[in-house]
Amino acid sequence: MSVETTAVAKKSLFTPFNLIATVILIAGLVVTVMRFTGGLGAVTNLDQNNPWGIWIGFDLLCGVALAAGGYTTSAACYLFGLKKYHAGVRPAILTAFLGYALVVFALGYDVGRPWRLPYPIFVQQGTTSLLFEVGLCVMLYLTVLFIEFTPALFEWLGMRKIRNIVVKMTLALTILGVVLSTLHQSSLGALFTIAPSKLHPLWYSQYLPVFFFVSSICAGMSMVIFEGTLSHKPMHHLMDKEYLDNHDGLILGFGKAASLVLFGYFAIKLIGLAYDNNWHYLTTGFGAWYLVEMLGFVALPSFLYAVGVRDRNLTVIRWAAGLTVLGIVVNRFNISLVAFNYQLPAAQRYFPSWGEITISLFVVTLGVVVFRFISTRMPIFYEHPDYKGEH
Amino acid sequence: MLRRTFLGLLGAAGASAALVKPTQAGNKHFGPHPDTHGVLFDATRCIGCRQCEQACNEVNELPAPDKPLDDLTVLDTERRTDEKTYTVVNKYQTALGPVFRKMQCNHCLEPACASACFVRAFKKQPNGAVTYDASVCVGCRYCMVACPFSIPAYEYDEPLTPRVRKCTMCYPRLMEGKLPGCVERCPKEALVFGKRDELIRIARERIAQYPDKYVDHVYGEHEMGGTSWMYLSGVPFTEIGMREDLGTASAPELTAGPLAAVPMVVGLWPVLLGGIYAVSKRNAKVANDERVKAVKDALKRAGEEAEKKLHEELGKAEQASQRRIEVEVKKAVEEALAPKEEDAGSNEEES
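Residues numbered from 1 in each chain as written. Chains lettered and ligands numbered in written order. Predicted model: local features only at pLDDT ≥ 70, side-chain atom pairs only at ≥ 80, totals over all residues. Heavy atoms only, no water.

The name given to chain B in an unreviewed UniProt entry is Formate dehydrogenase, nitrate-inducible, iron-sulfur subunit, and the organism recorded there is Pseudodesulfovibrio hydrargyri. Regarding chain B, the relevant UniProt record gives this comment under Subcellular location (unreviewed entry): "Cell envelope". (UniProt positions renumbered as here; feature names shortened; annotations may be inferred.)

The name that an unreviewed UniProt entry assigns to chain A is Putative Ni/Fe-hydrogenase 2 b-type cytochrome subunit, with the source organism given as Pseudodesulfovibrio hydrargyri. A UniProt comment under Subcellular location (unreviewed entry) is attached to chain A, and it reads "Cell membrane".

## Here we look at the domain arrangement of chain B
Domain boundaries in chain B define domain 1 (31-250) and domain 2 (258-329). A straight line from the C-alpha centre of domain 1 of chain B to that of domain 2 of chain B covers 79 Å. (Domains from an automatic or database assignment.)

## Section: the sheet that holds strand β8 (residues 191-195) of chain B
Through backbone hydrogen bonds, the strands of a sheet pair up, either in parallel or in antiparallel fashion. All names here are of chain B. Read from one edge of the open sheet, three strands run β8-β1-β9, paired in mixed fashion. Pairing within the sheet leaves two strands with one partner each, and these edge strands are β8 and β9 (229-232). Averaged over all neighbouring strand pairs, the angle between strand axes comes to 25 degrees, with direction disregarded. Sheet strands in contact with helix α7 (residues 196-209) are β1 (37-42), β8 and β9, and its direction is about 130 degrees off that of β8. (Pairing = 2+ DSSP bridges. Helix = DSSP H or I, 4+ residues; strand = E, 2+ residues; numbered from the N terminus. Axes fitted to C-alpha atoms, helices over the stretch in contact; angles between N-to-C directions. Contact = heavy atoms within 4.5 Å.)

## Considering the nonpolar core
Counting residues in hydrophobic clusters, the biggest one holds 182 residues, and the most contacted among them are F149(A), F192(A), L199(A), F122(B) and Y142(B). Element by element, the count of residues in this core is highest for helix α6 (residues 86-110) of chain A, at 14 residues. Non-local contacts of Y142(B), meaning those with residues more than four positions away in its chain, are made with W52(A), S129(A), L131(A), A190(A), L191(A), I194(A) and A116(B). Core analysis: the second largest hydrophobic core is formed by 10 residues, L40(B), V192(B), A203(B) and Y214(B) among them. (Core = buried A, V, L, I, M, F, W, Y, C linked by side-chain atoms within 4.5 Å. Buried < 20%, exposed > 50% of the residue type's maximum accessible area, 1.4 Å probe, protein only.)

## Details of the packing of aromatic side chains
Residues and elements named next belong to chain A. The final tally for this structure, using the stated rule, is 27 aromatic pairs over all chains. Here F192 and F340 contribute two aromatic rings whose centre-to-centre distance is 6.0 Å and whose plane-to-plane angle is 75 degrees, an arrangement assigned as edge-to-face. You can see F192 sitting in the loop between α10 (170-190) and α11 (208-232) and its partner F340 sitting in the loop between α14 (314-338) and α15 (354-375), a full 148 residues away along the chain. Exposure class is identical for F192 and F340. Each is buried. Between F211 and Y265 the ring centres are 6.4 Å apart and the planes differ by 85 degrees, which places this aromatic pair in the edge-to-face class. Within this pair, whereas F211 is found in helix α11, its partner Y265 is found in helix α12 (residues 241-275), the two being separated by 54 residues in sequence. Residue classification places Y265 among the buried positions, given a relative accessible area of 4%. Site record: aromatic cluster; members linked through ring pairs are F36, W55, F105, Y109 and F362. (Phe/Tyr/Trp six-rings, centres within 6.5 Å; stacked < 30°, edge-to-face > 60°.)

## So, the interface of chain A and chain B
Facing 62 residues of chain A, the contacting portion of chain B comprises 63 residues. In total, chain A and chain B occlude about 5,400 Å² of area from one another, counting both sides; carbon and sulfur atoms represent 62% of this. Remark: the boundary between chain A and chain B carries one salt bridge. For D110(A), the salt bridge goes to R141(B), with nearest N and O atoms at 3.0 Å. Considered class by class, the residues forming the side of chain A that touches chain B number 35 nonpolar, 20 polar and seven charged. (Buried area = accessible area lost by both parts, 1.4 Å probe. Salt bridge = Lys/Arg side-chain N within 4 Å of Asp/Glu carboxyl O. Nonpolar A, V, L, I, M, F, W, Y, C, P; charged D, E, K, R; others polar.)

## Focus: α11(A)
Here α11(A) is 25 residues long and its end C-alpha atoms lie 35 Å apart, about the 36 Å a rise of 1.5 Å per residue gives. Taking burial as the measure, the 25 residues of α11(A) include 21 buried ones, the bulk of the element. (Expected span 1.5 Å × (residues − 1).)

## What about helix α8 (residues 130-157) of chain A?
Residues and elements named next belong to chain A. For α8, spanning 28 residues, the distance from its first C-alpha to its last is 40 Å, which sits close to the expected 40 Å at 1.5 Å a residue. Where α8 begins, the capping side chain belongs to S129, and its oxygen is found 3.0 Å from the backbone nitrogen of L131. One or two residues past the end of α8 sits G158, with phi positive at roughly 75 degrees. (Polar contact = N/O pair within 3.5 Å; in protein donor to acceptor, adjacent residues only side chain to side chain.)

## Topic: the state of the cysteines
Residue and element names in this part refer to chain B. Counted according to the given criterion, the structure contains zero disulfides over all chains. In this model C46 remains outside any disulfide bridge; the closest cysteine sulfur is found in C52, 6.4 Å from its own. Relative accessible area serves as the criterion here: at 16%, C46 is assigned to the buried category. C170 forms no disulfide, and the closest cysteine sulfur to it belongs to C182, at a distance of 6.2 Å. (Disulfide = S-S within 2.5 Å.)

## Re the packing of helix α4 (residues 54-66) of chain A against α14(A)
Residue and element names in this part refer to chain A. Direction vectors running N to C along α4 and α14 enclose 140 degrees, while the axes themselves pass 9 Å from each other. The angle between the axes of α4 and α14 places the two elements in the oblique class. Where α4 crosses over α14, the two elements pack in a sense that is right-handed. Across the interface between the two elements, I54, G57, F58, L61, C62, A65 and L66 from α4 touch V325, I328, V329, R332, F333, S336 and L337 from α14. For the contact of α4 with α14, the residue count by class is 11 nonpolar, two polar and one charged. (Parallel < 35°, antiparallel > 145°, perpendicular 65-115°, else oblique. Left-handed = near helix turned anticlockwise from the far one by under 90°.)

Structural data, given as structure tokens:
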């Protein structure tokens, strides 16, 4: 296996992916230097009215939602007893772990004094803040994800004893993971409940935490399908029979679940609209955009998923997954950027700068590169030959 | 399967109920303290001289602004507070002619910034001021997101030690027994410093005395749970750039529901998920046992049937062989007897 891997790596050193990745990484490093020498003002379009830009809206909110595949897959496999999803757990855990690690990494750019990030937990606790809860949960969950990931690492390193100890803790870790995910996925939505005057009524709701939690489940499952599709071609030679045999079943199963959860999400969003009696906003410009989000990025993928599962058409399911992933990004952008500060005159609204976009691309690229590095070396898409059928 | 679905539904219902129910549990109050102080601003008295801005700049030792502080042309464009300016005066064109309005931190009774801060960098002081401690600030700017009045400002150009900047109600001066800089300097007594309930009484008296001159509303008495700075105006507050749709719920009330749901999720989720795990495991075990039993039964039945068949076959075979023996015997007997008869026959023929 390793001979084969190195051969492939050597052959593909100057691929378009590697060239583009190198350019983005270098540009990212340049902006990094600018950020830490000139301050946020030098590289971002943030101002006194718009304190949060895409580093929060995309890197944090979308990053955390799209890394939800970790807890949804491990819960389906270990808690709900859907053993056939087992082959999908490791890629999902690795994606989630890297996702969260990059969220924290990206926060280092956004917060003013990144080395103080442990302060809210270890120096002075602001327990009345939902951000405190987010911080605490993300820190704990990152630890849980790391431990959940370590069996692959220990198998790679040949450390059998400690690997077996960690595997024994799977159930406890999975439950802890779901608890922590429920809390911080919902708290990210709850962050905005403090600002009813700034967020457009169509997006503001007391149910925001529930909306965020439920949509994170859709995001997680769609991301597993989406990412499985993306890694299928470049990683195919690494995938073992179990992974490939179960992959289509996993797509169908998650597609079915995602269709239902999206439908449920659509229903509770409707309930939220009715609860606050916001129907009259639907005829405004924001209302049109809200309808685009609800019909195009929630109802449509829910329907596509259902059709895809009925016809056992994996292509349709994959398109539905892509649409849902895009929909999550649209929703998180709407809440943190588009519908936020909706009362400000257009001239004072925020639009990301090139520096901000560069860093966001930089973070994503870093994630893909590290994912490739790990998944081409460690038993992620295949079972380690020494531990076959031991789960 | 049914049981599992039911448990899931139960959990989901419980969680959503817990998440949205606004309750005071799990939250704390920041004020008001009994002798909380504040300032009353009367827009009908303000002449837009910017003396308060100048005083603020001086007593807080803020950097010099781009345009001189006595330059009144800056009033032509609407401004907001920033990292170099804790207070600004804006001019608004209304039906009653130009009206000036001062703006600074309103020092809420239940400050959104203090509620939102995850390191408790903001503190509601007993004398009413909301102060900020840069020594613990991480620079997340959630205070700026949370503030309904968009007051906190940030030092975006500071690479490594940025601070949040906002009016302190001259907390250090208050501790020395002095007035806030702006209040002391105001030439028209548009600003009155005092105990908050005293200020509300003064405001009400002015409205009662001149009902035609004032709008019958003390802005800040109830907005966002009440503020230490309060406002009187002769024109509707929206016309002088103040939002009247903020509601009376304080920031901690707005987030009390989600915060109260946290311990419930921590308490209920492991039980629920453990239950789902146990049920699914039990289902798997039952299914497995049933499969094993079915296989066993099938094998047993097959065995019994085979034995029965064998038995029958054997019986049949025995019968058949018996019959065959009988037939054979009969045949043999017949055959044995036949030659004799033949012999007898031939004998007869011969004889």
